[in-house]
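If you want the building blocks of each chain, they are given just below.
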Amino acid sequence: MSSALHFDPIRLPPECVRLRQEVREFLRGELDSGRGRRREAFDREFSRKVGAKGWIGMTWPEKYGGRARSHLERYVVTEEFLAANAPVRLHFVADRQSGPVLLRYAPEHIKAAILPRICRGELCFCIGMSEPGSGSDLFAAKTRAIPTRGGFVVNGTKIWTSNAHQADYMLGLFRTSPPAADNRRHGLSQFLVDMKAPGIRINPIRQMSGEQDFNEVVFTDAFIPQDHLLGEIDGAWKQATSELAYERSGPERFLETLDVLIALVRLLGPQPELRAAEGLGRLVAQLHALRRMSVSVSGMLAAGAEPVVEGSIVKDLGTLWEQRLPARVRELAAFASTDGAARAEFDARLEFATLIAPKLTIQGGTTEVLRGIVARGLGLR
Amino acid sequence: MASPVTEAAQRIFADLADPQAVNRDADGAWKAPLWRALEEAGLTLAWVPEALGGAGARLAEGFEVLAAAGRYALAAPLAETLLAGWLLARGGLAAPAGMMSVAPAQPGEPIRLDPDGALRGRARAVPFAPDVAHFAVLAQGASGAHVALVEARACKVDAGKNLAGDSLGNVSFDGTKVLSPASVDLDPTELLLMGCTARAVQSAGALEALLEAALRYAGERVAFERPIGRFQAVQHNLARLAGEASAALAASSSAADAMERAERLVERTERFDEGVFLETAAAKIRCAEAAYEGAAIAHQVFGALGYSQEHILHRFTLRLLAWREDFGNESLWAAELGRRVAARGADELWPLVAAR
């Protein structure tokens, strides 16, 4: 493979500019009406309103409740919601990850039943990948799905499952055969799991940040109907790769702690001292560069290219940046005013961002895993 | 997908500015044939309209040529001559043949055009000042900004060298007479950021070349009985180098594209707005950061070999480091960007970043 990297200077088309204004107006109304500016909030009413606007599953075909809009339009909606710290927890995973998998691999009647409900903002999904003995190494998964009459019986444990306690469905990765001698990735299958089904126990795991969205999900003879198998039996590893470039390079990969940068600008006021101005300028330049990279990858994907290495690079740089942002911002704020409302807001946001920082380079693929993918793409593996 | 202009430039660089050959050439004999070829191909005056004697290429094409020059760590005043031609053309002035550079080349050093038609002031660290025949000067007169063409021998030039050994100089204008200065709708910030964009594009090209060279070397060099590129620690370093090259590539090509689009707008207030300022200043800042990080990683990959004069690695790494200083150290631009962001206020930060 060649080492040539491509980051075309993609500009968002005019329909994105109009859409952005519409999204901003909507968010202003919602956030002014007292809705929390906390992305972690689980807010059914908010998600329903977003669904009514047509901004969930917006790239999907209209017959499934989507709006057949472009990936660049979806990019704009996503980044505006993130920048405003809007409470998207209920629908975010379904919109970004689960829906596209169902669209591709679920049988028609399931698509017809579930996708429109995702689009309406009614359904919450979780992802059942990690297990107590299998985190980054997904192919070590041991939770088994054994064929039975009319479907499969599942036994085992998933862990670190965000939202499991609120989720209507899980997309789970279960072992249906042992690994093949020549391919250890063989033998895993992807399933749609109804979280209300019998045999599923959810044990909450508290996080060091004070959040409570992690869970352990224990399957004890849980039944999954045959038509809930997604794609090829034993072949889930083939299904994972194509969607990943979108997932890796999106705005959620560098905007997770943006609110501390905005709070810093508020704290510093219109005439910051030189050190703060210089530090702020560097951070804004880095943010701009990351966004240009991310928009570029989205634009290239929309144009039919497959910038796999570029997508992984965006996530590697982006997550490290958003992780380091609270630490840099803290240093720059040291000589600013120590009281007042702006300080209180800044301190609260900084504290939260500092608490969540460690997870940013772990969730959805660790830094180490990403660099391995980049190295492979560069021809080193 | 390179344009014919870029392909022509690449052929010339490959034939006449090969880093290996240049590195072995102690007396600089490569320089004259290279410049002759660049002039004959119309590349040195690419940004000068045909009506003024140039090639009339688009800004984007010129930036592509500079990216290619960066991939060869080119040590000739091609970017400077392009900038000078562009600056002169802004005032409707024709450009002469030969090497040129621009003044001012650093922020905060206004040059005055006095009513007697003479320039007064000093331009520090003008790239290639001792080598060029002319300077294109942006000066402030009583009736606004003017551009003027000045013969280098009419100025006092204190010659020096940058970190990579390329010439630069402090240029003094002590009542230097100029012929037919032209008024121009341009301020020094825009000129300097045009220079910053050129350097950003060159740096991205140099980083691409570093990545390619480091990958090749890591596949060839055997230590502990296997190619060093097989070691995870080395792989992760190379992935980081790819990340820095990517950031430089994205930031610089975006800035070049922003300049290209701005150039097509007629009204100056629209042409160089806060969005273009962000694009170009951010490219300068991020490429300078990538230059430092990327150079350090590349040296680590090449080990002692890359530290030798004989190896060409330093041609790339030292130029990457030296270019950070040109048209304003990135810290100066970061402070200016930070001040502008702060003055706009917290609620305007995201709209600025997401403007395009």
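Residues numbered from 1 in each chain as written. Chains lettered and ligands numbered in written order. Predicted model: local features only at pLDDT ≥ 70, side-chain atom pairs only at ≥ 80, totals over all residues.

A.B. asks: Looking at this model, I keep getting lost on the overall build of chain A. Mind explaining?
C.D. replies: A count of helical and extended segments in chain A gives 12 helices and eight strands. Against the 2.2 N^0.38 benchmark of 21 Å for 381 residues, chain A shows a C-alpha radius of gyration of 21 Å, consistent with a compact globule. Once the C-alpha set of chain A is aligned to its principal axes, its extents read approximately 70 × 50 × 40 Å. Evaluated residue by residue, chain A yields a buried proportion of 50% over its 381 residues. Put simply, of all contacts in chain A between residues at least 6 apart along the chain, 75% involve residues at least 24 apart. (Helix = DSSP H or I, 4+ residues; strand = E, 2+ residues; numbered from the N terminus. Rg over C-alpha atoms; globule rule 2.2 N^0.38 Å. Buried ≥ 20, exposed ≤ 12 C-beta atoms within 10 Å, placed from the backbone. Contact = placed C-beta atoms within 7 Å.)

A.B. asks: Quick question: what am I supposed to make of the overall build of chain B here?
C.D. replies: Helix and strand counts for chain B come out as 12 helices and 10 strands. Here chain B has a C-alpha radius of gyration of 20 Å; the compact-globule value for 356 residues is 21 Å, and the two agree. Classification of the 356 residues of chain B by burial places 56% in the buried group. When contacts within chain B are restricted to residue pairs at least 6 apart in sequence, long-range pairs at least 24 apart make up 72% of them.

A.B. asks: Hey, could you run me through the interface of chain B and chain A in this one?
C.D. replies: Accessible area lost during the coming together of the parts is what is often quoted as the interface size. Residue-level contacts link 43 residues of chain B with 43 residues of chain A. Those elements that place two or more of their residues in the side of chain B that touches chain A are α6 (188–220), α7 (232–263), α9 (274–302), α11 (330–344) and α12 (349–353) of chain B. Here the element with the most residues in the side of chain B that touches chain A is α7(B); it accounts for 15 residues. Classifying every residue of the side of chain B that touches chain A by side-chain character gives 27 nonpolar, 10 polar and six charged. (Nonpolar A, V, L, I, M, F, W, Y, C, P; charged D, E, K, R; others polar.)

A.B. asks: Looking at this structure, how should I read helix α4 (residues 59–71) of chain B?
C.D. replies: For an α-helix the count is 3.6 residues per turn, leaving residues at separations of three or four pointing the same way. Residue and element names in this part refer to chain B. Taking 1.5 Å as the rise per residue, α4 with 13 residues should run 18 Å; its terminal C-alpha atoms sit 19 Å apart, in good agreement. A large share of α4 lies buried, amounting to 12 of its 13 residues. Within α4, burial applies to L59, E61, G62, F63, E64, V65, L66, A67, A68, A69, G70 and R71. Of the surrounding elements, those touching the buried residues of α4 are α1 (4–16), α5 (78–90), α6 and α7. (Expected span 1.5 Å × (residues − 1).)

A.B. asks: Looking at this structure, how should I read the confidence of the model for chain B?
C.D. replies: When pLDDT is low, close inspection of the predicted coordinates is not appropriate. Averaged over every residue, the pLDDT of chain B is 96; the share at 70 or more is 99%. Interface confidence for the predicted complex, given as ipTM, is 0.97, next to a pTM of 0.96. (pLDDT = per-residue confidence, 0-100.)

A.B. asks: Explain the environment of Y292(B) here, please?
C.D. replies: All names here are of chain B. Note on placement: Y292 falls in helix α9. Classification of Y292 by C-beta neighbours within 10 Å gives partly exposed; the count is 15. For the pair Y292 and L321, spaced 29 residues apart in sequence, the C-alpha to C-alpha distance is 6.3 Å.

A.B. asks: Teacher, can you tell me more about the domain arrangement of chain B here?
C.D. replies: Residues and elements named next belong to chain B. Per the domain assignment, the segments of chain B are domain 1 (4–183) and domain 2 (188–353). If you average the C-alpha positions of domain 1 and of domain 2, the two centres end up 22 Å apart. If you look at the interface, domain 1 gives 31 residues, while domain 2 gives 31 residues. Broken down by element, the side of domain 1 that touches domain 2 gets its largest block of residues, nine residues, from α4. Partitioning the side of domain 1 that touches domain 2 into residue classes produces 23 nonpolar, five polar and three charged. (Domains from an automatic or database assignment.)

A.B. asks: Would you explain the packing of helix α9 (residues 274–302) of chain A against α11(B) in this entry?
C.D. replies: Any two packed helices are characterised by the angle at which their axes cross and by the distance between the axes. In the contact formed by α9(A) and α11(B), the axes pass within 6 Å of each other and the chain directions differ by 90 degrees. Considered as vectors, α9(A) and α11(B) are oriented roughly perpendicular to each other. Residue-level inspection shows L274(A), A277(A), E278(A), G279(A), L280(A), G281(A), R282(A), V284(A) and A285(A) of α9(A) in contact with α11(B), the latter providing S331(B), W333(B), A334(B), A335(B), E336(B), L337(B), G338(B), R339(B), V341(B) and A342(B). Among the residues forming the contact of α9(A) with α11(B), the class breakdown is 11 nonpolar, four polar and four charged. (Axes fitted to C-alpha atoms, helices over the stretch in contact; angles between N-to-C directions. Parallel < 35°, antiparallel > 145°, perpendicular 65-115°, else oblique.)

A.B. asks: I would appreciate a short explanation of the domain arrangement of chain A in the present structure.
C.D. replies: All names here are of chain A. Parsing chain A into structural domains produces domain 1 (14–123), domain 2 (127–235) and domain 3 (241–377). The centre of domain 2, based on its C-alpha atoms, is set 31 Å off from the matching centre of domain 3. For the side of domain 2 that touches domain 3, the residue count by class is one nonpolar, three polar and no charged.

A.B. asks: Mind showing me how you'd approach the pairing of strand β7 (residues 167–177) of chain B here?
C.D. replies: The side chains of a regular strand alternate, residue by residue, between the two faces of the sheet. Residue and element names in this part refer to chain B. Pairing analysis gives eight bridges linking strand β3 (residues 118–127) to β7, with the strands arranged antiparallel. Considered in β7, the bridge of R120 is made with D174. Here strand β6 (residues 156–161) pairs with β7 via six bridges, running antiparallel. Paired with D158 across the bridge in β7 is N170. (Pairing = 2+ DSSP bridges.)

A.B. asks: Which parts of the structure should I look at to understand the environment of A68(B)?
C.D. replies: Residues and elements named next belong to chain B. Its location among the elements puts A68 in helix α4. Once the C-alpha coordinates of A68 and S203 are considered, the two residues, 135 residues apart in sequence, prove to be 10 Å apart. With near-sequence residues (within four places) excluded, A68 lies in contact with T6, A9, Q10, F13 and G205.

A.B. asks: Is there a simple way to think about unusual backbone geometry in this case?
C.D. replies: Phi is mostly negative for residues that are not glycine, and the peptide bonds are mostly trans. Each neighbour pair has its own omega, and for A103(B) with P104(B) the value is -5 degrees, a cis peptide bond. Residue position: P104(B) is located in the loop between β1 (100–103) and β2 (112–113). Positive phi outside glycine occurs at D221(A), with the angle close to 50 degrees. Relative to the helices and strands, D221(A) resides in strand β7 (residues 214–225). Assessed through the 11 C-beta atoms surrounding it within 10 Å, D221(A) is described here as exposed. Of note in the backbone geometry, A73(B) takes a positive phi value of approximately 50 degrees without being a glycine.

A.B. asks: In this structure, what is going on with the packing of helix α8 (residues 258–268) of chain A against α9(A)? I would like to understand it.
C.D. replies: Residue and element names in this part refer to chain A. For the pair α8 and α9, the least separation of the axes is 12 Å and the interaxial angle reads 155 degrees. Taken together, the axes of α8 and α9 are roughly antiparallel relative to one another. Of the two possible hands of crossing, α8 and α9 adopt the one that is left-handed. Residue-level inspection shows L261, L264, V265 and L268 of α8 in contact with α9, the latter providing A276, L280 and L283. (Left-handed = near helix turned anticlockwise from the far one by under 90°.)

A.B. asks: Just checking my understanding: could you explain the pairing of strand β4 (residues 169–175) of chain A for this structure?
C.D. replies: Residue and element names in this part refer to chain A. In terms of residue burial, β4 counts as a mostly covered element, since seven of its seven residues are buried. In β4, alternate side chains face the same way, and those of Y169, L171, L173 and R175 on one face and M170, G172 and F174 on the other are all buried. Note that strand β1 (residues 125–128) and β4 share four bridges and pair parallel. The residue of β4 that forms the bridge with F125 is Y169. Here β4 pairs with strand β5 (residues 188–194) via seven bridges, running antiparallel. Each residue of the ladder has a partner; that of L171, found in β5, is L192.

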